[in-house]
2 protein chains.
Amino acid sequence: MTEDGAKQVALELPAADAGAPPSRRLGRQIILTEAVRFIDTHGRDRLTMRRLGSVLGVEAMALYRYVPGREQLLDGVVEYVMNELYEATMRQAVPESWQEYLQQMAHGVRALAVRHPRVFPLVATRPPAAPWLRPPLRSLRWVEGFLAGLHLHGFSRLESVGVYRAFSTFLLGHLLLEAGTLGDGQSESIGDDIEFYESNDLNEYPRLLELSDQLSQDAFDVEFEDALEDLINRVAVMRT
Amino acid sequence: MTEDGAKQVALELPAADAGAPPSRRLGRQIILTEAVRFIDTHGRDRLTMRRLGSVLGVEAMALYRYVPGREQLLDGVVEYVMNELYEATMRQAVPESWQEYLQQMAHGVRALAVRHPRVFPLVATRPPAAPWLRPPLRSLRWVEGFLAGLHLHGFSRLESVGVYRAFSTFLLGHLLLEAGTLGDGQSESIGDDIEFYESNDLNEYPRLLELSDQLSQDAFDVEFEDALEDLINRVAVMRT
DNA sequence: ACCTGAACACCGTTCAAGT
DNA sequence: ACCTGAACACCGTTCAAGT
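This is a predicted model, so every value here is computed, not measured. (Residues numbered from 1 in each chain as written. Chains lettered and ligands numbered in written order. Predicted model: local features only at pLDDT ≥ 70, side-chain atom pairs only at ≥ 80, totals over all residues. Heavy atoms only, no water.)

Chemist: Hey, could you run me through the relation of the copies chain B and chain A in this one?
Modeler: Mapping between the two copies of the chain is achieved by a rotation about an axis and a shift along the axis. Once turned by 180° and shifted 0.0 Å along the axis, chain B lies on chain A with an RMSD of 0.0 Å. Read as a symmetry element, the transformation amounts to a two-fold axis. Among all C-alpha atoms of chain B, that of Gly-173 of chain B lies closest to the rotation axis, at 1.9 Å. (Least-squares fit on C-alpha atoms with pLDDT ≥ 70 in both.)

Here's what the structure looks like:
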């Protein structure tokens, strides 16, 4: 019903070497690349050692040479997309104002969430290896870079922590929501599951009908920009 | 390493009828109650039809009389805690000011996240049955009640939608973060997993050291209250 | 009406064995 | 050095059979 589907139907797997021929030699990077691709298209729950092996033209057991286990594979996936983020954001020129800087960083993270909507929940909910690293900003390297950028714009150590907190919370809320609507394709027939649990008579909930109208348009763009502006104003106030 | 642990060790299950004797007769409610309890103590990934059955003193197959499958069981768990929330918040007297009202609602949702930190990610990441219902505010009933409360305080339909959006995003970001630190007990030995993936030499990341100091204190309380206040101000501005 | 045994198609993971 | 076969302990789910 949700991710994996109730019935365990054979997932049509490409015959050993179909698709982009996964450059013959196995290795950690190739495995992670393919794992990300797999989650992007099939979702986290369908990713299985055996299936991933099959996509790579190899038996599942071969993966254990390069990855300790399934959990660590998922951690590796998170690491992988965070490295993408690092390349995409930290290599840019640092803008003149800290406001622009925060915009740049925020849009970078959002681009990640939009490119990998089904990976993003992992970034957001996996217990961080370092407990003081907050999702969805999970890379030591990236956060260090982020803080360095703030320092360039004259933020003190203490201010930076405040910004980091507000920033990560802001991104988590907005992007997890947006990724959620992107990830799971069509939510199948809409009222189907609902009625199983709750009275589905929408007439009982008059306000919800209007809500659904108002919310259906993809207001994520403006919502994000507005809230980001507010966040920046908040930071500005905090600094005075 | 994360949830389920790598090795599949038998999870010491109480002999059929240990613990609180789960009132003899099976049924949907008893099943959900026990499922919530199970996730609270063992985590989502360890919840399995067979184990849950065993806790209830019954074979796994018996559960299928009352629940269509595992995915729907998890949906039922979400439904269950949302009903808890409804009872806790919607039955209260509506305060004089809308500011107090929003405070009351926010604290209600937060209490839920704190009481069920390992269930909360489900509330936050499961694809909503109704796509315009945003996590973590997933109950038709609850949202209808929430909107009705706003209406009582003179909010227009359109304003209400804006408040609903900002409110749900705010809660999602903050509470998912807080639940994350509560749920998974001690994150085991801190630097253990990290070094597998990234250079763990914290001296390479000087700012992170200070960050970890500043963040270690559980600032969630003040953080939440501050951000809530900001949100309320934002709503106030929006209304003018 | 309510539960179970047995069976099926899947899992993750280990390890001795192949090349 | 790198991969596989076979095995083990688990899964979710179905269904005919028990009471």
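Chemist: Looking at this structure, I do not really get the packing of helix H1 (residues 28–42) of chain A against helix H3 (residues 70–90) of chain A. What am I missing?
Modeler: In a packed pair of helices, the relevant descriptors are the angle between the two axes and the axis-to-axis distance. Residue and element names in this part refer to chain A. Contact geometry of H1 with H3 gives a least axis separation of 9 Å together with a crossing angle of 90°. Regarding the angle of H1 to H3, the classification is roughly perpendicular. Only Leu-73, Leu-74, Gly-76, Val-77, Glu-79, Tyr-80 and Val-81 of H3 make contact with H1, whose side of the interface consists of Arg-28, Gln-29, Ile-31, Leu-32, Thr-33, Ala-35, Val-36 and Ile-39. Of the residues assigned to the contact of H1 with H3, the class counts are 10 nonpolar, three polar and two charged. (Axes fitted to C-alpha atoms, helices over the stretch in contact; angles between N-to-C directions. Helix = DSSP H or I, 4+ residues; strand = E, 2+ residues; numbered from the N terminus. Parallel < 35°, antiparallel > 145°, perpendicular 65-115°, else oblique. Contact = heavy atoms within 4.5 Å. Nonpolar A, V, L, I, M, F, W, Y, C, P; charged D, E, K, R; others polar.)

Chemist: Help me understand the protein's contact with DNA strand D in this model?
Modeler: Within the structure, DNA strand D sits among 19 residues, and Glu-59, Arg-65 and Tyr-66 of chain A together with Thr-48 and Arg-50 of chain B are positioned closest to it. Expressed as a percentage, the sugar and phosphate content of the atoms of DNA strand D within 4 Å of the protein is 53%. Between Thr-48 of chain B and DNA strand D, the recorded distance is 2.7 Å, taken from a side-chain N or O atom to a sugar or linking oxygen. Taking Met-49 of chain B, its main chain carries an N or O atom lying 3.1 Å from a phosphate oxygen of DNA strand D. (Near = heavy atom within 4 Å. Polar contact = N/O pair within 3.5 Å; in protein donor to acceptor, adjacent residues only side chain to side chain.)

Chemist: What am I meant to see in helix H10 (residues 220–239) of chain B here?
Modeler: Note on helix geometry: an α-helix contains 3.6 residues per turn, so any two residues three or four positions apart are oriented the same way. In this model H10 of chain B runs 28 Å from its N-terminal to its C-terminal C-alpha over 20 residues, within 8% of the 28 Å that 1.5 Å per residue would give. Three or more residues of H10 of chain B are buried, namely Phe-220, Glu-223, Phe-224, Ala-227, Leu-228, Leu-231, Ile-232 and Val-235 of chain B. Axial view of H10 of chain B: buried residues confined to an arc of 165°, hence all on one face. For H10 of chain B, the exposed residues set more than 90 degrees away from the buried face come down to Val-222 and Val-237 of chain B. Elements in contact with the buried residues of H10 of chain B: helix H7 (157–183) and helix H10 (220–239) of chain A together with helix H4 (98–115) and helix H7 (157–183) of chain B. (Expected span 1.5 Å × (residues − 1). Buried < 20%, exposed > 50% of the residue type's maximum accessible area, 1.4 Å probe, protein only. Arc of directions from axis to C-beta.)

Chemist: For this particular structure, what's the right way to read the protein's contact with DNA strand C?
Modeler: In the vicinity of DNA strand C lie 19 residues, with Thr-48 and Arg-50 of chain A together with Glu-59, Arg-65 and Tyr-66 of chain B positioned nearest. Considering DNA strand C, the proportion of its atoms within 4 Å of the protein that are sugar or phosphate atoms stands at 55%. Within the side chain of Thr-48 of chain A, an N or O atom sits 2.7 Å from a sugar or linking oxygen of DNA strand C. Per element, the largest residue contribution to the surface near DNA strand C is three residues, and it comes from helix H2 (residues 49–55) of chain A.

Chemist: Quick question: what am I supposed to make of the interface of chain B and chain A here?
Modeler: Buried accessible area, meaning the area lost when the parts come together, often serves as the stated size of an interface. In this complex, chain B contributes 68 residues to the contact, which on the side of chain A involves 69 residues. Of the roughly 6,700 Å² buried where chain B meets chain A, counting both sides, 66% is carbon and sulfur surface. We note a salt bridge from Arg-234 of chain B to Asp-230 of chain A, for which the minimum N-O separation is 2.5 Å. For the pair chain B and chain A, the number of links is eight residue pairs in polar contact (both at pLDDT 80 or more). Looking at the side of chain B that touches chain A, the elements that each hand over two or more residues are helix H3 (70–90), helix H5 (120–125), helix H6 (140–152), H7, helix H8 (194–197), helix H9 (206–216) and H10 of chain B. Top contributing element to the side of chain B that touches chain A by residue count: H7 of chain B, with 11 residues. (Buried area = accessible area lost by both parts, 1.4 Å probe. Salt bridge = Lys/Arg side-chain N within 4 Å of Asp/Glu carboxyl O.)

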